[in-house]
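# Summary of the model geometry
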Amino acid sequence: MFKRAGNNLRPHLRRLHSHASSFTPTARGNGVALTVASAAAVAGTAIWYSKTKLVYNDAEEPTMAVSKDKVTSASRITLKPSDPNSLYSLVWGSNSNKTLSPDGPSTDPIRTPTVAGFLNDVALRDLQLHETHAACVDARGDVYQWGDGFYGKSAAGARTPKLTLRGKNIVQLQLTHGKVYALSASGKVYTLAADVLQQELRTGAPTPSSDSWWGTGWFWGEDETIDFAELHPAEKLGRKEFFVSIATGKSHLLALTSKGRVFAHPVNKNANQYGQLGFRKFSVPDPASTKMVSHLQVELVPKSLADPFSNSTRSARTTPTKSASDNLTNIDDSKIRFCPNLFEVPVLRDVDVAQIAAGGRSSFVRTTNGRVLGWGANEYGQIGLGSNVSLDTITVPTEVILWRMVPNKTSSKCLDVTAGGDLTAFTVLREGDKTPVTTDLLMSGNGQYGGLGNNTYSSGQGNPSRVKGISGLLQYNDRTESLDPIMPEEISISPTGHVLLALDSSSTSSDGVGGRDLMVWGKNYDSELGNGKKSSVAVPTSLETSDGARFMLMAKKCKVVNDLHGKKWKRNVKVEQRVVAGYGNSAVYWKIAA
């Protein structure tokens, strides 16, 4: 009996010892008195506990509900929410610029997944995290912005997400250092400043929603106080043709139309340093002209063409090589109206494109038949042209070979291409005559922090390599009684070197739980992998919750979805958890399902 009682009391005695050891006694001379007092306290605790509660070996720990009123923007998740209808977005990693916790007092890194209080019971259309600012689209299609880069670190007052672009039915966002790009459901592309001070309309200026110089927004109830601009295609779109997707790098933007045409836009004067635009000459408004419409023909020359021998010697140039034409010298490229147009990429006019992707200084397109073309910066091999291609700049869209080291009778088709920073990921479907269909996740580029996922820390990988633990996975389907490939459904690559992936390892077609495993790897200096550590990981690792269970990305029907003002938007809305990798941080949010 005493042995059994001792086993039951052991954890409580340890807890008592830990609490007692946290206090430092002021006198240590009377050791006997301290020993007797400790023994009496332990005995008294044992007698009290044995008479108040029975403890069983297989007893579960009590669960506690998370109160909505007590959840702040930096509340640590230790227990699961008791209300299954609640929506809780999670964030972790660097918070140095208040992009994860805009209204929190601390800027310390968040080492484990934490509730983002300002997104409670909110489902979004999109969420994007940049280095110093962040933005999202709520359920109504309105854009909100926040962060130190938006408000300014010295600004006083509330720093909660601010409504900026409204009434445009936005469905997708892309962020650069100084500008925000938004795509509407009708296929229009808008741009606005990433700094709140740059968004103010000057006195007497017409509202952006107006069609004429005197302004008619007040008449239609569309008068705006936030300055924004619409980007128009320089080449005319076809009948019922509109933009369906946008992607941005550091200094350039790609846009895809509903008919598979690819357009590019220079964000600033550095937009074509590596040829990532796909063209060199375009037009911008002439600020010195007094005419209503006047344009300058300008040119951005890739640095490999402006100075072909720049890499032939280690000595620095006495004078930097000019890549921009002289008539761009006095034009301010930080303004949102620096270039109000989108220009079609000439080489891709006869190519039917299904997807676009933009790395930091590179561009990619995936065709409808599953082939990939890439161009731009390639000093780390991020375009994936193989180890034999040593050029640091690819100025012409070039096909990426994704069937190296594959049997001859196995066909390969790219299903998805994702780029971020200097890393690129290709999801490839493999289908052979006598082998089951599988999927490979291939990665190329700068893997010095383990972002390649192949258990190496290589600073350059030109030949796309298979990601360990993700490629070639199969699961048995009870309904079809056959093997199905386990698909990587969603990939988000951070510009700073870490990767988040949703792996459909518990498919509903196989009578699974219906969730998707969250896999993480790469750089972890700011705990952006969410495991509480700061050491980088070179192979995909499943993220765990605080109770040791697998972190599963779920989908469900929510009874009520609110906007960011706390007002009800709709009932019985299908939502799903999505991931986004930012600059040294990560987030999981609820997105409205298409």
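Residues numbered from 1 in each chain as written. Predicted model: local features only at pLDDT ≥ 70, side-chain atom pairs only at ≥ 80, totals over all residues. Heavy atoms only, no water.

### Comments concerning the overall build of the protein
The condition that has to hold: By the criteria applied, helices consist of DSSP H or I runs no shorter than four residues and strands consist of E runs no shorter than two, each listed in order from the N terminus. Any pair of residues with heavy atoms lying within 4.5 Å of one another is described as a contacting pair. Computed with a 1.4 Å probe, the accessible areas rest on the Shrake-Rupley method; for each residue, only the protein chains presented here act as cover.
The number of helices and strands found in the protein is five helices and 35 strands. Expressed as a percentage of contacts within the protein between residues at least 6 apart in sequence, the contacts between residues at least 24 apart total 55%. Put simply, the protein shows about 30,400 Å² of open surface, and 52% of that area lies on carbon and sulfur atoms.

### Quick word on the pairing of strand 12 (residues 243-248)
Our working rule: Here, a strand pair is defined by DSSP locating no fewer than two bridges between the strands.
Examined bridge by bridge, strand 12 and strand 13 (residues 252-257) share five bridges and lie antiparallel to one another. Residue pairing in the sheet places Phe243 in a bridge with Thr257 of strand 13. The turn linking strand 12 back onto strand 13 is made up of three residues.

### A few points about the sheet that holds strand 18 (residues 353-358)
For clarity, the threshold we go by: Orientation is described by lines fitted to C-alpha atoms, with helices fitted over the stretch in contact, and by angles between N-to-C directions that extend from 0 to 180 degrees.
As summarised here, the arrangement of the four strands in space is 18-19-20-21, forming an open sheet in which the pairing is antiparallel. In the strand order of this sheet, the two ends are held by strand 18 and strand 21 (393-399), each with one partner. For this sheet the average axis-to-axis angle between neighbouring strands, irrespective of direction, equals 10°. Bridge count between strand 19 (residues 362-367) and strand 20 (residues 372-377): five bridges; the pairing is antiparallel. Note on strand 20: the bridge partner recorded for Phe364 is Gly374.

### Details of the side chain of Asp517
Test applied: Polar contact criterion, stated in full: a pair of N or O atoms within 3.5 Å, where within protein one must be able to donate a hydrogen and the other to accept it, and residues adjacent in sequence count only if both atoms are side-chain atoms.
Here Asp517 is to be found in strand 30 (residues 516-522). Polar side-chain contacts of Asp517 include one of 2.7 Å to the side chain of Arg550. Excluding anything up to four places from it in sequence, Asp517 contacts Leu501, Ala502, Leu503, Ser505, Arg550, Phe551 and Met552.

### Side note on the sheet that holds strand 9 (residues 179-184)
Read across the sheet, eight strands follow the order 8-9-10-11-17-14-13-12 without closing on themselves; strand pairing throughout is mixed. Each having just a single partner strand, strand 8 (170-175) and strand 12 make up the two edges of the open sheet. Strand-to-strand twist across the sheet, computed as the mean angle between neighbouring axes with direction ignored, equals 30°. The pairing of strand 9 with strand 10 (residues 189-193) spans five bridges and is antiparallel. Among the inter-strand pairings, Lys179 is bridged to a residue of strand 10, identified as Ala193.

### Thoughts on a nonpolar patch on the surface
To be explicit about the condition: Every patch collects residues that have over 30% relative accessible area and no salt bridge, joining them within 9 Å if they carry like charges and within 5 Å if they are nonpolar side chains (Val, Leu, Ile, Met, Phe, Trp, Tyr). Any Lys or Arg side-chain nitrogen found within 4 Å of a carboxyl oxygen on Asp or Glu counts as a salt bridge.
A contiguous nonpolar patch, built from Leu474, Tyr476 and Leu483 and spanning about 270 Å² of accessible area, is present on the exposed surface. With respect to the helices and strands, the residue Tyr476 is situated in strand 26 (residues 474-477).

### Description of the packing of aromatic side chains
So the rule is basically this: In this analysis, rings of Phe, Tyr and Trp, with Trp reduced to its six-membered ring, are considered paired at centre separations within 6.5 Å, and the interplanar angle assigns stacked below 30 degrees, edge-to-face beyond 60, and tilted for intermediate values. Relative accessibility thresholds used throughout: buried, under 20% of the residue-type maximum; exposed, over 50%; partly exposed, between the two (1.4 Å probe, protein chains only). In this scheme, Lys NZ or Arg CZ marks a charge over a ring once it lies within 6 Å of the ring centre and within 35 degrees of the ring normal.
One pass over the structure, following the stated rule, counts ten aromatic pairs. An angle of 70° between the planes, with centres 5.4 Å apart, marks the rings of Phe118 and Trp146 as edge-to-face. Here Phe118, found in the loop between strand 3 (110-115) and strand 4 (126-129), pairs with Trp146, found in strand 6 (residues 143-146); they are 28 residues apart in sequence, far enough to count as distant. Taken as a pair, Phe118 and Trp146 share a single burial class, namely buried. With a centroid separation of 5.4 Å and an interplanar angle of 80°, the aromatic rings of Phe243 and Phe263 are classed as edge-to-face. Here Phe263 lies in strand 14 (residues 262-266) and Phe243 lies in strand 12, a separation of 20 residues in the sequence. Here the aromatic cluster, defined as three or more aromatic residues joined through ring pairs, consists of Phe279, Phe282 and Phe343. We note Lys523 situated over the ring of Tyr449; from NZ or CZ to the ring centre the distance is 4.7 Å. One cation-aromatic arrangement involves Lys556 over Trp590; the distance from NZ or CZ to the ring centre is 4.9 Å.

### Some details on unusual backbone geometry
A positive phi angle, near 60°, is found at Lys98, a position not held by glycine. Looking at where Lys98 falls in the secondary structure, it is placed in the loop between strand 2 (90-93) and strand 3. Accessibility expressed as a relative area gives 11% for Lys98, which makes it buried. Backbone geometry places Asn572, a non-glycine residue, at a positive phi of 55°. Locating Asn572 in the fold gives a position in strand 34 (residues 568-581). Given the relative accessible area of 53%, Asn572 is considered exposed.

### What to know about the environment of Thr395
Residue position: Thr395 is located in strand 21. Spatially, the C-alpha atoms of Thr395 and Asn272 are 9.2 Å apart, while their sequence positions differ by 123 residues. Leaving out residues up to four positions away in the same chain, Thr395 has contacts with Gly275, Pro302 and Ser304.

### Quick notes on the pattern of salt bridges
For the structure on display, the rule yields 17 salt bridges. The shortest N-O distance in the salt bridge between Asp148 and Arg159 comes to 2.9 Å. In this pair, Asp148 sits in helix 3 (residues 148-151) while Arg159 sits in the loop between helix 3 and strand 7 (162-165), placing the two residues eleven residues apart along the sequence. The exposure class assigned to Asp148 is buried, which follows from its relative accessible area of 11%. We classify Arg159 as buried; its relative accessible area is 14%. Across the pair Glu344 and Arg349 runs a salt bridge, and its minimum N-O distance is 3.8 Å. Judged by relative accessible area, Glu344 falls into the buried class, the value being 7%. Relative accessible area serves as the criterion here: at 46%, Arg349 is assigned to the partly exposed category. Connected through shared salt-bridge partners, Glu489, Glu490, Arg516, Glu576 and Arg578 make up one network.

### Structural notes on the side chain of Asn562
Inspection of the secondary structure assignment puts Asn562 in strand 33 (residues 555-562). Judged by relative accessible area, which is 14%, Asn562 ranks as buried.

Treat this as a map of the structure, not an account of what it does.
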